[in-house]
Structure formats: C-alpha cells, structure tokens
Amino acid sequence: MNWISDWALPKIKGLLGGPREVPENLWHKCPACEQMIFHRDLERNLMVCTNCGHHMRLSAQARIKATMDDGWSRIELPKSPADPLRFRDQRRYSERLKDAQAKNAMDDAVVVAQGSIEGRKAVVAAFEFSFMGGSMGAGVGEAIVTAAKLAVLQDAPLIVFTASGGARMQEGTISLMQMPRTVIATRLVKEAGLPFIVCLCDPTTGGVTASFAMLGDIQIAEPGALIGFAGARVIEQTVREKLPEGFQRAEYLLEHGILDMVVKRHDMRATLARLISLLREKLPPVVDTPEPLPALPAPEPVAEAPKPA
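Values in this document were obtained by computation on a predicted structure and should not be read as measured data.

Calculation notes
- Residues numbered from 1 in each chain as written.
- Predicted model: local features only at pLDDT ≥ 70, side-chain atom pairs only at ≥ 80, totals over all residues.
- Heavy atoms only, no water.
- Helix = DSSP H or I, 4+ residues; strand = E, 2+ residues; numbered from the N terminus.
- Buried < 20%, exposed > 50% of the residue type's maximum accessible area, 1.4 Å probe, protein only.
- Contact = heavy atoms within 4.5 Å.
- Areas by Shrake-Rupley, 256 points an atom, 1.4 Å probe, with all protein chains shown as cover.
- Pairing = 2+ DSSP bridges.
- Axes fitted to C-alpha atoms, helices over the stretch in contact; angles between N-to-C directions.
- Core = buried A, V, L, I, M, F, W, Y, C linked by side-chain atoms within 4.5 Å.
- Phe/Tyr/Trp six-rings, centres within 6.5 Å; stacked < 30°, edge-to-face > 60°.

S.K.: Explanation requested: the overall build of the chain in the structure shown.
M.R.: What the chain contains, in helices and strands, is 10 helices and nine strands. Sorting the 309 residues of the chain into buried and exposed places 38% on the buried side. Put simply, of all contacts in the chain between residues at least 6 apart along the chain, 66% involve residues at least 24 apart. As displayed, the chain offers around 19000 Å² of accessible surface, 56% of which is attributable to carbon and sulfur atoms.

S.K.: Help me understand the sheet that holds strand E4 (residues 110-117), please; the structure alone is not making it clear to me.
M.R.: Through backbone hydrogen bonds, the strands of a sheet pair up, either in parallel or in antiparallel fashion. With mixed pairing, seven strands are arranged side by side in an open sheet as E3-E4-E5-E6-E7-E8-E9. Only two strands of the sheet have a single neighbouring strand rather than two, namely strand E3 (73-74) and strand E9 (261-262). The pairing of E3 with E4 spans two bridges and is antiparallel. Its bridge partner lying in E4, Ser73 is registered against Gln114. In the packing of helix H3 (residues 60-67) onto the sheet, contacts are made with E3, E4, strand E5 (120-127), strand E6 (158-164) and strand E7 (196-204), and the angle to E4 comes to roughly 10 degrees. In the packing of helix H10 (residues 265-280) onto the sheet, the strands contacted are E4, E5, E6, E7, strand E8 (218-221) and E9, and the crossing angle to E8 comes to about 175 degrees.

S.K.: Explain the nonpolar core to me, please; I cannot follow it from the model alone.
M.R.: One recurring pattern in soluble globular proteins is that nonpolar side chains are buried together. Counting residues in hydrophobic clusters, the biggest one holds 64 residues, and the most contacted among them are Phe127, Leu158, Ile159, Phe161, Ile220 and Leu272. Considering each element in turn, this core owes the most residues, eight residues, to helix H5 (residues 138-154). In this structure, Ile220 is in contact with Ile197, Val198, Cys199, Leu200, Met261, Val263, Met268, Leu272 and Leu275, ignoring residues within four places of it in sequence. The next biggest cluster of nonpolar side chains, apart from the first, holds seven residues, and it includes Ile37, Leu42, Cys49 and Met56.

S.K.: For this particular structure, what's the right way to read the environment of Arg168?
M.R.: Topologically, Arg168 is positioned in the loop between E6 and helix H6 (172-191). For Arg168, a relative accessible area of 1% translates into the label buried.

S.K.: Which parts of the structure should I look at to understand the environment of Ser277?
M.R.: Inspection of the secondary structure assignment puts Ser277 in helix H10. Expressed as a C-alpha distance, the spacing of Ser277 and Arg120, which sit 157 residues apart in the sequence, is 7.5 Å.

S.K.: Is there a simple way to explain the packing of aromatic side chains in this structure?
M.R.: Ring pairs (aromatic) are described by centroid distance and by the angle formed between their planes. Within this structure, the stated rule accounts for three aromatic pairs. Relative to Tyr252, the ring of Phe247 lies with its centre 5.6 Å away and its plane at 65 degrees, an arrangement referred to as edge-to-face.

S.K.: Which parts of the structure should I look at to understand unusual backbone geometry?
M.R.: Phi is mostly negative for residues that are not glycine, and the peptide bonds are mostly trans. Between Asp202 and the following residue, Pro203, the backbone shows a cis peptide bond with an omega angle of -10 degrees. Inspection of the secondary structure assignment puts Pro203 in strand E7. Phi is positive for Met47, close to 60 degrees, though the residue is something other than glycine. Mapped onto the secondary structure, Met47 falls in the loop between helix H2 (39-44) and H3. Phi at Arg240 takes a positive value of approximately 60 degrees, unusual for a residue other than glycine. Here Arg240 shows up in the loop between helix H8 (232-239) and helix H9 (250-255). Judged by relative accessible area, Arg240 falls into the exposed class, the value being 76%.

Following this line, the structure appears as structure tokens:
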C-alpha cells in the first residue's frame, strides 16, 4: 500500500498546487467573555469585542488612524542614546531594543502625528504598549517634548493616548528624568493657551501616571482601562486592607473625580472634535438688543353726556 503515500498523494498534491499556508491568529479570544472573534471583524471594530464590548489593546498606528482625518503625517522624532547605561540582565538592553524596533517598525514606544480631527487642527501622540510595555525612556520623553513644541509651533491642541507600564528600568535614572521633562512639556502647551487632552488607555501605570498623564486639562479614559501607579497587590500588601471592587479601573476613577469622562473607542474621535471646538473656537458675539416695549392698549372712546332738552 506504499504506492498510495509514495506516488498517489504526491501526484494529487502536485495537481492541487500543494498545501496552502494558513496564517496564524485568524481568531482572537475575548479576555472578558471568551468569545472567539474573527480577526478581520475585530480589526474592523477597532479591537472592541463584538459580543460584550470589551476594549482590547489597540496599536499606536491604528489609534492615530482611527482618530485623525485622512492625510495626517507622522513626525520624525530625534534620536536618543540606544543604551546609555550598557544595561544587561538575561539579555543586553540593546538587543531587546532592536527586537522591539524590528517588531513594531518604530524607533521607540511613541508615535507622534500632525493633522486634523474632523477638520480641527491637532497634534496627537500615541503610546505603543507592545514596544517594551510602552515604557518611558529617553526616547519617549523626547517624543513628548517634541509633540509639545510642535503643538505650540502650529497653534494646535496636544492630545496624548497613554498605554504604558511606567519608566523603563533598563535606563535607570535617565528614565526617571523623563518625568519632570514631560511635565515641563505640558507647561509649554498650557502657557501657550492651548488645550492639553490626555486619553488614558489600558494600562496606564507607573511613572507615566505619576507625571504628565494626570496633568491634562481634560482627562478621558476608555472603558475598563487600568489606571494607577502601583499594582493592586502591592497596595494591598502595604495598607493591609482589601481594595474595593473595580479599584484602579476607569469607571471607579470617574466616580471618585479623577477623570472627567469615560468614552467608548468608537465615540472618541467625535468627542475629541467636540472638545477642541469648545475650547478653541470663538463663539459669535452676542449683541444686546433692547427688547421692544409692549404696545400700550388703545384708549377707550369716552361716551358723550346727553344734551339737555
């Protein structure tokens, strides 16, 4: 029976063109409801579960594309030292950095773009969490400073989408220095009288939360986003108390006054356009016109007295 496997099957495969390669990750499992979703349907829905509405992580490139009008342009960012401390753990930091750059086609964890949102000029910076956890090193700090200077130069609001695990440990003190640098960058925007809007995405933690991410004129978050400084387990071990349900989630922070609004991803573009319009566009002057006085009623005719006979 070897002729079947040795001759017949190769002949059939040759006639049919051989086995076709099936791409991986055709289906994605929602981490919330565990529903399997076809990858094209998920991408078309901006990485929001079509079953339960859970917001999954969205790439920086896709986020800018979904937020800005067609015709936006990506800004070339200044180069930063690749490995200032020559750090090494299990691997060299320079090797990890090269792998992340090749995987994401980015120099660092932030993309900066200029363009418009529903016709309103804006500068947008978006974090890429898959680039070493969106961690903030010298390159990310330089990107935020560049975005702030560009916003001032173009007289446009600055919008930042954050998704980060915090400061980049491989750059040590240099990464911590980016916290005051980014705070100063936000001051440049505010002193120019321009809006600074922060959109907190899942997750936003560590040094990013402790610096510019909490200094927006308007604080927005996506539903269910994890936002905080330290992890919940660390906090529980420190205070030795059980944290309330939903602690460090967007809805909890909105309820306690840390956020201004929680906006679904599909509504984010329209919301940002409306905010820019409210904060930047001048209202038409109100002309005070005196109200006309009410017309006086016509006098009633006086009846004449009867003449004496």
